[in-house]
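Overview (structure and organization)
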Amino acid sequence: MGFKLKALVVVSSGLVLGVCTYAAYRTWKKRQNSADDEGFEDVSKLEESLEKKVLVLGLEGSGKSTLVSQIVKEVGQKSIASNTLYKPTEGFNVTSLSDGGSPTVNIWEIGGKESVRRYWPKFFQDTDILVFVVDASNNSNQSVVVSEIKSLLGDARLASVPILVLANKQDMVGALNAEQISNVLDLKSIPSRSHQVKVLETQTRPETNEIHQTVLEVRKVLLKLSSHM
């Protein structure tokens, strides 16, 4: 069955608005579930388990928006011009990915500007999978990436959450491979009992209709991880 884009929420007028919208979304979702499932508590719990939350983080310019757009892209769908589809995220975007079965994977992509990153923890609750995108071709911000990763690992709300690190922009000259990114971020020191960590190399082709095999692999891993939770 084809993959389908179920919903898109774009917040681009500032992070404060983004956080407020996120809170409103969660309140609306809870009320909707309550209204839909009133008198059917057991069904409610079953339906809730059929949706998984994937949180996508990374510094500004790491390529999150392009990756997410292509991960949820319908197979065979024509590309929209890159200057309209792949704008950097200022607040947050929400898209949903499904292979026609269950569960539905809700992908929350949060902006990566320095002014935005301090609000990341507002989105940690109920995260099932954490995706951290790294610009593997940019050596100047590695210390910041390391600092952000360690901060994420120290938050109790992300305890035991599987982590998928994407060494992005592999098509760029000088890009570090998966093994090198793993060493730079000291990912091997993360106890397996604490987090399941996987590093993948990725690259995108926003100027063509073709989705790179590395992006298809990320899609496959996200769906597989979600189905085993």
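As recorded in an unreviewed UniProt entry, the protein goes by ADP-ribosylation factor-like protein 3 and comes from Macrosiphum euphorbiae.

This paragraph deals with the packing of aromatic side chains. Enumeration according to the criterion identifies 3 aromatic pairs in this entry. Residues Trp120 and Phe132 carry aromatic rings whose centres are separated by 6.3 Å and whose planes lie at 80 degrees to one another, so their mutual orientation is edge-to-face. On the criterion of sequence distance, the pair formed by Trp120 in the loop between α5 (114-117) and β5 (129-135) and Phe132 in strand β5 is long-range, its members being 12 residues apart. Neither Trp120 nor Phe132 differs from the other in exposure class; each is buried. Site record: aromatic cluster; members linked through ring pairs are Phe92, Trp108 and Phe123.

The next point concerns the nonpolar core. Formed by 32 residues in total, the largest nonpolar core has its most connected members in Leu57, Ile110 and Leu185. Put simply, the parts of the chain that give this core at least two residues each are β2 (51-58), β3 (92-97), β4 (104-110), β5, α6 (142-153), β6 (163-168) and α7 (178-184). Ranked by residues supplied to this core, first place goes to α6 with 4 residues. Of all hydrophobic cores here, the second largest spans 22 residues; its members include Val56, Leu67, Val133 and Leu164.

The subject of this paragraph is the UniProt feature "binding site: Mg(2+)" (unreviewed entry) in the protein. The positions that UniProt labels "binding site: Mg(2+)" (unreviewed entry) are, in the present scheme, Ser65 and Thr89. One can find Ser65 in helix α3 (residues 64-71). We classify Ser65 as buried; its relative accessible area is 9%.

All right, on to α3 then. In terms of burial, α3 is largely enclosed, as 8 of its 8 residues are buried. Those residues of α3 that sit buried are Lys64, Ser65, Thr66, Leu67, Val68, Ser69, Gln70 and Ile71.

Let's shift gears to the pairing of strand β7 (residues 197-201). On any regular strand, side chains alternate: one points to one face of the sheet, the next to the other face. With 5 bridges joining them, β6 and β7 adopt parallel strand pairing. Its bridge partner lying in β7, Leu164 is registered against Lys198. After leaving β6, the chain enters α7 and then returns to the sheet as β7, a path that is right-handed.

Among the structural elements, Gln170 can be located in the loop between β6 and α7. Apart from the residues within four sequence positions on either side, Gln170 is in contact with Ala136, Ala175, Leu176, Asn177, Glu201, Thr202 and Gln203.

As a packed pair, α3 and helix α8 (residues 213-227) sit with axes 9 Å apart at the nearest point and diverge in direction by 70 degrees. In terms of their interaxial angle, α3 and α8 are classed as roughly perpendicular. Residues Leu67, Gln70 and Ile71 of α3 lie in contact with α8, whose contacting residues are Val215, Val218, Arg219 and Leu222. A per-class count over the contact of α3 with α8 returns 5 nonpolar, 1 polar and 1 charged.

We note that Ser160 has phi near 70 degrees; this positive angle belongs to a residue other than glycine. Relative to the assigned elements, Ser160 resides in the loop between α6 and β6. Backbone geometry at Asp186 places phi at a positive 55 degrees, although glycine is not the residue there. Residue position: Asp186 is located in the loop between α7 and β7.

Glancing now at the pairing of β4. For β4, a buried count of 7 out of 7 residues is recorded, marking the element as mostly surrounded by other parts of the structure. Side-chain alternation along β4 places Thr104, Asn106, Trp108 and Ile110 on one buried face and Val105, Ile107 and Glu109 on a second face that is also buried. In this sheet, β4 lies alongside β2 in parallel orientation, the contact comprising 6 bridges. The residue of β4 that forms the bridge with Lys53 is Asn106. Both β3 and β4 contribute to a ladder of 6 bridges, which runs antiparallel. Its bridge partner being in β4, Ser96 is matched across the sheet by Asn106.

Rules behind the numbers
- Residue numbering note: each chain is counted from 1, following its sequence as written.
- With pLDDT at 70 or above as the cut-off, local features in this predicted model cover only qualifying residues; side-chain atom pairs require 80 or more to be listed or tallied, and sums for whole chains, interfaces and linings still use all residues.
- Side-chain measures here rest on the full set of heavy atoms in the structure, leaving out hydrogens and waters.
- We call Phe, Tyr and Trp rings a pair once their centres come within 6.5 Å, taking the six-membered ring for Trp, and we label the pair stacked below 30 degrees between planes, edge-to-face above 60, and tilted otherwise.
- By the criteria applied, helices consist of DSSP H or I runs no shorter than four residues and strands consist of E runs no shorter than two, each listed in order from the N terminus.
- Relative accessibility thresholds used throughout: buried, under 20% of the residue-type maximum; exposed, over 50%; partly exposed, between the two (1.4 Å probe, protein chains only).
- The nonpolar core is taken to be a set of buried Ala, Val, Leu, Ile, Met, Phe, Trp, Tyr and Cys residues, with the residues joined through side-chain atoms within 4.5 Å.
- UniProt positions are given in the numbering used here, feature names are shortened, and annotations may be inferred rather than shown by experiment.
- Note: two strands are recorded as paired if DSSP finds a minimum of 2 bridges between them.
- Place the viewer so that the strands point away; then a crossover is right-handed whenever the path from the first strand over the helix to the second strand goes clockwise.
- Note on contacts: a residue pair is in contact if any heavy atoms of the two residues lie within 4.5 Å.
- To get an axis, fit a line to the C-alpha atoms, keeping to the stretch in contact for a helix; angles then go from 0 to 180 degrees between the N-to-C directions.
- Oblique is the label for every angle not falling under 35 degrees (roughly parallel), over 145 degrees (roughly antiparallel), or within 65 to 115 degrees (roughly perpendicular).
- Following the grouping adopted for this structure description, the nonpolar residues are Ala, Val, Leu, Ile, Met, Phe, Trp, Tyr, Cys and Pro, the charged ones are Asp, Glu, Lys and Arg, and the polar ones are all others, Gly among them.

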